[in-house]
Amino acid sequence: MPFKPLFKILAVAASLAVVPALASAQAAYPSRAIKIIVPAPPGGAIDTIARVVGDKLALSMGQPVVIDNRPGASNNLGTDVLAKSVPDGYTIGIVGGSHNTNKFLFKNLGWDPEKSFEPIVYTHEVPLVFAIYPQIPAKTLPEFVAWMKANPEQAKVATSGRGSAQEMAAEMFRMASGTQMLLVPYKGSSAAHPDLLAGRTALYIDTISAIQSQAKAGNVRAIAVSTRKRAASMPEVPTAEEQGLKGYDANTNGGFLAPAGTPKAIVAKLNAEINAALKLPDVRAKLEAAGIEIQGGTPQAYAEVIKSDLAKWGKVVKEAGIQPE
């Protein structure tokens, strides 16, 4: 038999042998530990979800689940690691709101929010609260807007840094209200709160979990919620839209992703396991106590959320005139 035809036959035979081997590996998934990359420090919403859900996955899937916090560069560092991981289901990640804004804020990400990942499941939304310095003579959002217009030199708004949900919500508020304000970036809530409590900033649009205790103590005044419907954990606070900001809708949200190319069967299995974990009473109790509103659903539904958010925040960044770094 000539050499070339024999070589081709052997090559085809080898490739056919790989197919059942891959199928077998997927059928046996998982056979070792699963790593969840969290592109943020411990203690925040996505870290909390990763740990609570990760504990349940370890039980239901019979393998250890390791949380790998990779904070830095406005959550880009950990997301980049996830995008470049082997797409075999043993490295997945959970992302927050910056996943859908950083595309417009940074020139050289090295990853694309849609093309670089396989959506697994949309896990959460966290409403934001308009918290103002309590000495400001305003008890409603319209009253606060009027105060800002009358006192532009004091209209300083804290944010959690570039690309954060807090910054995007503030930019959206500025455009919707027609106010002039100075955005003051901080490295997270813990750094921003002291200046708000002292009156050095007038407003901070922060997550419920971060601001709720301060509001209950009277250290700040909660005047609005950023989402279209009232927050389950602060139902007494009206939405911004209820108070005249038509169409205003901002939150920090996110879910689990896998690197692009992860087999569909593995994505489907992870989707089913995570959805099941999100329905457990103790999981719901822990997450809801942290102001996290649980979602769930199909990978396709999460892909649509990402697509919609990219369109919304891309428009905000463009209209605000924010230039990418």
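Quantities reported herein were computed from a predicted structural model and do not represent experimental measurements.

Novice: What's the story with the packing of aromatic side chains in this structure? I'm lost.
Specialist: Both the distance between ring centres and the angle between the ring planes are used here to describe each pair of aromatic rings. Tallied over the entire structure, the rule returns six aromatic pairs. Taken together, the ring pairs in this structure connect Phe130, Phe173 and Tyr248 into an aromatic cluster. Taking the ring centre of Tyr90 as reference, the NZ or CZ of Arg32 above it sits at 3.8 Å.

Novice: I keep staring at the pairing of strand β9 (residues 251-259) and nothing clicks. Help me out?
Specialist: On any regular strand, side chains alternate: one points to one face of the sheet, the next to the other face. Of all nine residues in β9, nine are buried, a share of seventy percent or more. With three bridges connecting them, strand β3 (residues 91-95) and β9 associate as antiparallel partners. Looking at β9, one finds that Ile94 is bridged to Phe256.

Novice: Please clarify how the pattern of salt bridges should be interpreted in this entry.
Specialist: Two side chains carrying opposite charge are able to pair once their charged atoms lie near each other. For the structure on display, the rule yields 13 salt bridges. Across the pair Asp88 and Arg32 runs a salt bridge whose closest N-O atoms are separated by 3.2 Å. You can see Asp88 sitting in the loop between α3 (76-83) and β3 and its partner Arg32 sitting in the loop between α1 (3-27) and β1 (34-38), a full 56 residues away along the chain. Taking relative accessible area as the criterion, Asp88 reaches 21% and is therefore assigned partly exposed. Since its relative accessible area comes to 43%, Arg32 is described here as partly exposed. For Glu273, the salt bridge identified is with Lys269, shortest N-O distance 3.8 Å. Of the two residues, Glu273 and Lys269 both sit in helix α9 (residues 264-278), four residues apart, roughly one turn of that helix. A residue is classified by how much of its surface remains accessible, and Glu273, at 18% relative accessible area, is buried.

Novice: Would you mind going over the layout of surface pockets with me for this structure?
Specialist: A water-sized probe, rolled over the atoms, reveals where empty space remains. There is about 900 Å³ of room inside the largest pocket. Elements represented by at least two residues in the lining of the largest pocket include exactly α2 (45-61), β4 (117-132), α6 (165-177), β7 (203-207) and α8 (208-216). Ranked by the residues each element gives to the lining of the largest pocket, the list is headed by α2, at four residues. Class assignment for the residues of the lining of the largest pocket results in 14 nonpolar, 20 polar and three charged. Taken as a whole, the second largest pocket holds about 210 Å³ of empty space. Broken down by secondary-structure element, the contributors of at least two residues to the lining of the second largest pocket are α6 and α11 (299-320). When residues of the lining of the second largest pocket are assigned to their parent elements, the largest contribution, four residues, is made by α11. Taken together, the residues of the lining of the second largest pocket sort by class into five nonpolar, one polar and four charged.

Novice: Is there a simple way to think about the pairing of β1 in this case?
Specialist: Most of β1 sits out of view: four of its five residues are buried. Of the pairings in the sheet, the one linking β1 to strand β2 (residues 65-69) comprises five bridges and is parallel in character. The residue of β2 that forms the bridge with Lys35 is Val66. Running through α2, the crossover from β1 to the neighbouring parallel element β2 is right-handed.

About the cut-offs
- Residues numbered from 1 in each chain as written.
- Predicted model: local features only at pLDDT ≥ 70, side-chain atom pairs only at ≥ 80, totals over all residues.
- Heavy atoms only, no water.
- Phe/Tyr/Trp six-rings, centres within 6.5 Å; stacked < 30°, edge-to-face > 60°.
- Lys NZ or Arg CZ within 6 Å of the ring centre and 35° of its normal.
- Buried < 20%, exposed > 50% of the residue type's maximum accessible area, 1.4 Å probe, protein only.
- Helix = DSSP H or I, 4+ residues; strand = E, 2+ residues; numbered from the N terminus.
- Pairing = 2+ DSSP bridges.
- Salt bridge = Lys/Arg side-chain N within 4 Å of Asp/Glu carboxyl O.
- 1 Å grid on protein atoms, 1.4 Å probe; cavity = no way out; pocket = protein on both sides within 12 Å on 5 of 7 lines; lining within 4 Å.
- Points joined across faces, edges and corners; volume = space filled by probe spheres on them.
- Nonpolar A, V, L, I, M, F, W, Y, C, P; charged D, E, K, R; others polar.
- Right-handed = clockwise from strand over helix to strand, strands pointing away.

The analysis is restricted to geometry; functional conclusions fall outside its scope.
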